[in-house]
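Here's the letter readout for the chains.
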Amino acid sequence: MARRIVICGGGSAGGVLAARLSEDPANNVTLVEAGPDYPTAEETAPEVLDANRIGFTTHDWGYASSDGVREADGVPTFGVVEQGVVPVLRGKVIGGCSSVNGANALRPTPEDFARWTGLGHDRWSWDQVLPYLKKLEDDPAGGDLHGTGGPVRITRFTEDDGMRPVGSAFLEACAQAGHPVHEDVNGADRRGAGPLPLNRKDGVRQSTAIAYLAPARDRDNLTVLGERTVDRVEFTDDGTARAVLLTDGTRLEGDLIVLAAGSIGSPSILMRSGIGPGRLLDELSIPVVRSVEGVGRNLRDHSMVYVTYAVDEDAVGEITPPLQTVLAFPSGGAGSAGEVDLHAVVLTPEPGVLLVPLVLYRPYSLGSMEITSRDPDAAPHIRLGLFDHPDDLHRMVSGIREVRKIMESGPLQKYVRAETWPGPDVTSDADLVRAVLQGKNTCCHAVGTCVMGGEGTPGAVVDQSGKVHGVEGLYVIDASIMPDIPAEPTNTTVMMMAERAADELRGRA
Ligand SMILES: Cc1cc2nc3c(=O)[nH]c(=O)nc-3n(C[C@H](O)[C@H](O)[C@H](O)COP(=O)(O)OP(=O)(O)OC[C@H]3O[C@@H](n4cnc5c(N)ncnc54)[C@H](O)[C@@H]3O)c2cc1C
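These figures come from a predicted structure and were not determined experimentally.

Draft legend 1. Looking closely at the domain arrangement of the chain. Its domain assignment divides the chain into domain 1 (1-54 + 91-153 + 205-301 + 447-509) and domain 2 (157-195 + 303-443). Its C-alpha centre places domain 1 at a distance of 28 Å from the equivalent point of domain 2. The interface is formed by 39 residues belonging to domain 1 together with 36 residues belonging to domain 2. Together domain 1 and domain 2 conceal approximately 3,100 Å² of surface at their shared face, both sides included; 59% is due to carbon and sulfur atoms. The largest per-residue losses of area from domain 1 upon contact with domain 2 belong to L106, L299 and D301, which jointly make up 20% of the total buried on that side. In this structure, the connection of domain 1 to domain 2 is made through four salt bridges. A salt bridge links R190 to E488, with the shortest nitrogen-to-oxygen separation between them at 3.6 Å. Scanning the region where domain 1 abuts domain 2 turns up twelve residue pairs in polar contact (both at pLDDT 80 or more). Going through the elements one at a time, α7 (262-272) and α8 (278-283) are the ones with two or more residues in the side of domain 1 that touches domain 2. No other element matches α7, which puts six residues into the side of domain 1 that touches domain 2.

Draft legend 2. Looking closely at the sheet that holds strand β2 (residues 27-32). One open sheet accounts for five strands, arranged β10-β2-β1-β14-β25; its pairing is parallel. Single-partner strands in this sheet number two, and they are β10 (222-225) and β25 (474-476). In this sheet, adjacent strand axes meet at a mean angle of 15° when their direction is disregarded. Bridge count between strand β14 (residues 256-259) and β25: three bridges; the pairing is parallel. When the bridges of β25 are listed, L259 appears paired with V476.

Draft legend 3. Fine view of the site of the ligand. Near the ligand you find 37 residues, and of these S12, E33, V230, T490 and N491 are the closest. V230 has a polar backbone atom sitting 2.8 Å from a nitrogen atom of the ligand. Isolated, the ligand exposes 1,000 Å² of accessible area, and the fraction of that covered by the protein chains is 95%. Those elements that place two or more of their residues in the shell around the ligand are α1 (12-21), α7 and α12 (491-505). Ranked by residues supplied to the shell around the ligand, first place goes to α7 with four residues. The residue makeup of the shell around the ligand, split by class, is 16 nonpolar, 16 polar and five charged.

Draft legend 4. Looking closely at the nonpolar core. Judged by nonpolar contacts, the single largest core of 155 residues is most densely connected at I7, L17, L412 and L474. Both domain 1 (1-54 + 91-153 + 205-301 + 447-509) and domain 2 (157-195 + 303-443) contribute no fewer than three residues apiece to this core. For L412, the contacting residues outside a window of four places in its chain are V166, A169, F170, A173, I406 and M407.

Draft legend 5. Region of interest: the environment of T223. Structurally, the position occupied by T223 is in strand β10. In this structure, the C-alpha to C-alpha distance between T223 and D484, residues 261 residues apart in sequence, is 33 Å. Setting aside anything within four residues of it in sequence, one finds T223 in contact with V29, T30 and L31.

Draft legend 6. Structural context of the sheet that holds strand β11 (residues 230-235). Taken in spatial order, the three strands line up as β11-β12-β13 in an open sheet, and their pairing is antiparallel. The open sheet has two edge strands, β11 and β13 (251-253), and neither has a second partner. The average angle at which neighbouring strand axes cross in this sheet is 25°, direction not considered. Direction of pairing for strand β12 (residues 241-246) relative to β13: antiparallel, over a ladder of three bridges.

Draft legend 7. Region of the structure containing the layout of surface pockets. Counted as a void, the largest pocket has a volume near 320 Å³. Taken together, 19 residues make up the lining of the largest pocket; nearest its centre are T109, E111, R190, V340 and E488. When residues in the lining of the largest pocket are grouped by element, the largest group, four residues, is from helix α3 (residues 110-118). Considering only residue class, the lining of the largest pocket consists of six nonpolar, three polar and ten charged. Residue-level mapping places the lining of the largest pocket at the junction of two domains, with at least three residues from each of domain 1 (1-54 + 91-153 + 205-301 + 447-509) and domain 2 (157-195 + 303-443). Looking at the second largest pocket, its volume works out to about 220 Å³. Along the wall of the second largest pocket there are 16 residues; nearest its centre are H121, V451, M452, G453 and T457. A breakdown of the residues in the lining of the second largest pocket according to their chemical character gives six nonpolar, eight polar and two charged.

Draft legend 8. Up close: the packing of aromatic side chains. Overall, the coordinates contain five aromatic pairs when judged by the stated rule. Between F113 and W116, the aromatic rings sit 5.0 Å apart at their centres with planes inclined by 65°, giving edge-to-face as the arrangement. Here F113 pairs with W116, and both are found in helix α3, just three residues apart, close to one helical turn. In terms of burial, F113 and W116 fall into one category: buried. Both rings, one in F113 and one in W126, keep their centres 6.3 Å apart while their planes meet at 35°; by these two values the pair is tilted. Here F113, found in helix α3, pairs with W126, found in helix α4 (residues 126-136); they are 13 residues apart in sequence, far enough to count as distant. The same class applies to F113 as to W126, namely buried. Joined through ring pairs, the aromatic side chains of F113, W116, W124 and W126 make up one cluster.

Draft legend 9. View of the pattern of salt bridges. Inspection of every chain in the model, using the stated rule, returns 40 salt bridges. For E339, the salt bridge goes to R362, with nearest N and O atoms at 3.2 Å. Placement of E339 in the loop between β18 (323-329) and β19 (342-350) and of R362 in the loop between β20 (353-360) and β21 (368-370) is noted, with a sequence separation of 23 residues between them. Residue classification places E339 among the partly exposed positions, given a relative accessible area of 37%. When its relative accessible area of 11% is taken as the criterion, R362 is described as buried.

Here is what the cut-offs are and how they apply
Residues numbered from 1 in each chain as written. Predicted model: local features only at pLDDT ≥ 70, side-chain atom pairs only at ≥ 80, totals over all residues. Heavy atoms only, no water. Domains from an automatic or database assignment. Contact = heavy atoms within 4.5 Å. Buried area = accessible area lost by both parts, 1.4 Å probe. Salt bridge = Lys/Arg side-chain N within 4 Å of Asp/Glu carboxyl O. Polar contact = N/O pair within 3.5 Å; in protein donor to acceptor, adjacent residues only side chain to side chain. Helix = DSSP H or I, 4+ residues; strand = E, 2+ residues; numbered from the N terminus. Pairing = 2+ DSSP bridges. Axes fitted to C-alpha atoms, helices over the stretch in contact; angles between N-to-C directions. Near = heavy atom within 4 Å. Areas by Shrake-Rupley, 256 points an atom, 1.4 Å probe, with all protein chains shown as cover. Nonpolar A, V, L, I, M, F, W, Y, C, P; charged D, E, K, R; others polar. Core = buried A, V, L, I, M, F, W, Y, C linked by side-chain atoms within 4.5 Å. Buried < 20%, exposed > 50% of the residue type's maximum accessible area, 1.4 Å probe, protein only. 1 Å grid on protein atoms, 1.4 Å probe; cavity = no way out; pocket = protein on both sides within 12 Å on 5 of 7 lines; lining within 4 Å. Points joined across faces, edges and corners; volume = space filled by probe spheres on them. Phe/Tyr/Trp six-rings, centres within 6.5 Å; stacked < 30°, edge-to-face > 60°.

Laid out in structure tokens, this is it:
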């Protein structure tokens, strides 16, 4: 009989897992997704399909962080649903966050995995992950570091091919400020500026729904259930996961159950299933299967502010595609030997406005989340903890100064009229810190809430393969198991982890 696999959550990880595991006819895969299922590109909502649409909330869980932001005049409102609130955007749709994200396809770096192995995760070295980073991509850059022919098409707008003049001017300004400029910022040298690798093809966002699931749809051993929400996992008395219970009362039996519901969804399902902090489970009268303090803890996210400019509409011209170039730099400045901890991109959200999302990619702040009820429809309590660590604040202040130097330099003078946030009068350290606390936002890259670690390690939820400690037949494979946040956007890392886990679960690793 075929092995019955139930995957909970059809996002970046879930889409990859369902497609790869159903390649094997010995598996019978059911993928459960709370949001709508769009089986083909033609049936997909236009904003989900269109890679130029960034920051929409039509397919979102509607969560917010309890990190307060002070309401203040002039704070950028891009991506902000409600004033004074930091949104925790989470895609609720087939493809998950990969269906709503910015399609920024920067890959994790060898240094990221050196940190993972340094924490004791010896199976996550760069040499072990690179084959899977290559397997998932179809990157015309080619060479030893890139894959060609994988499901996810990578596109770069270059000066010879589609880059808008303001993007070229940004790269020139970065070079003048002492930053190296490369054609391939996913290549061997990750420091500096260049065309941003994007997972888009002919204007279509290459989500896992499009890149992985769509070509697998005609398989008899793959069932996708859209608009169905997982409540919890059911265990036998000896602690083996045997079924998934949906909120509509459906019970799906499985020989293998994989949670891929993301950094908020997966710990929520675990907690409702009786695996989580004992105090919380007792408070919510959830029978304890296993008390694990780490479920919902260890949350790390990339914090961000939008340095904002009024620009000459005519000079900028066409504003789409809105995202084309990136600068990765150390907060110590262009000449510093320090690690790359900041990225700036140039975003043209509407005529006359240019945003520079400045993102802290090596945050020291920690957040957490927990469910507030046994009711799967109740929103969890999330605290991202953005800028709680003073070093995060100070490095962001240095980053704003570097962005100003670049944006005020000669190559961009033709475009930039004035800085509109934080504003030219905000110059002292104290004023800049205040501005960051008013304008703080998240890049929506939360990880770590079901963190991997050796059995018995305090807080560890899963082992290095994603198997949940202390029970049988249950895995978590998604952003929540990362032991540390990569210093890059997280989608490619999640897809790589799912590619690798699928091989392991097929006994091929
Ligand atoms: C607005 C936004 C922009 C981003 N931009 C970028 C970017 O440009 N580049 C980049 O690399 N990263 C980006 N990210 C981050 C990246 O997309 C995520 O880190 C990654 O997609 C997470 O993958 P995942 O599989 O862990 O979770 P998800 O992709 O979130 O998948 C989880 C899935 O599980 C479903 N689910 C949750 N709970 C349940 C339940 N109880 N029952 C059934 N289904 C459930 C969800 O609906 C979702 O489809 C962005 C994220 C957001 C939100």
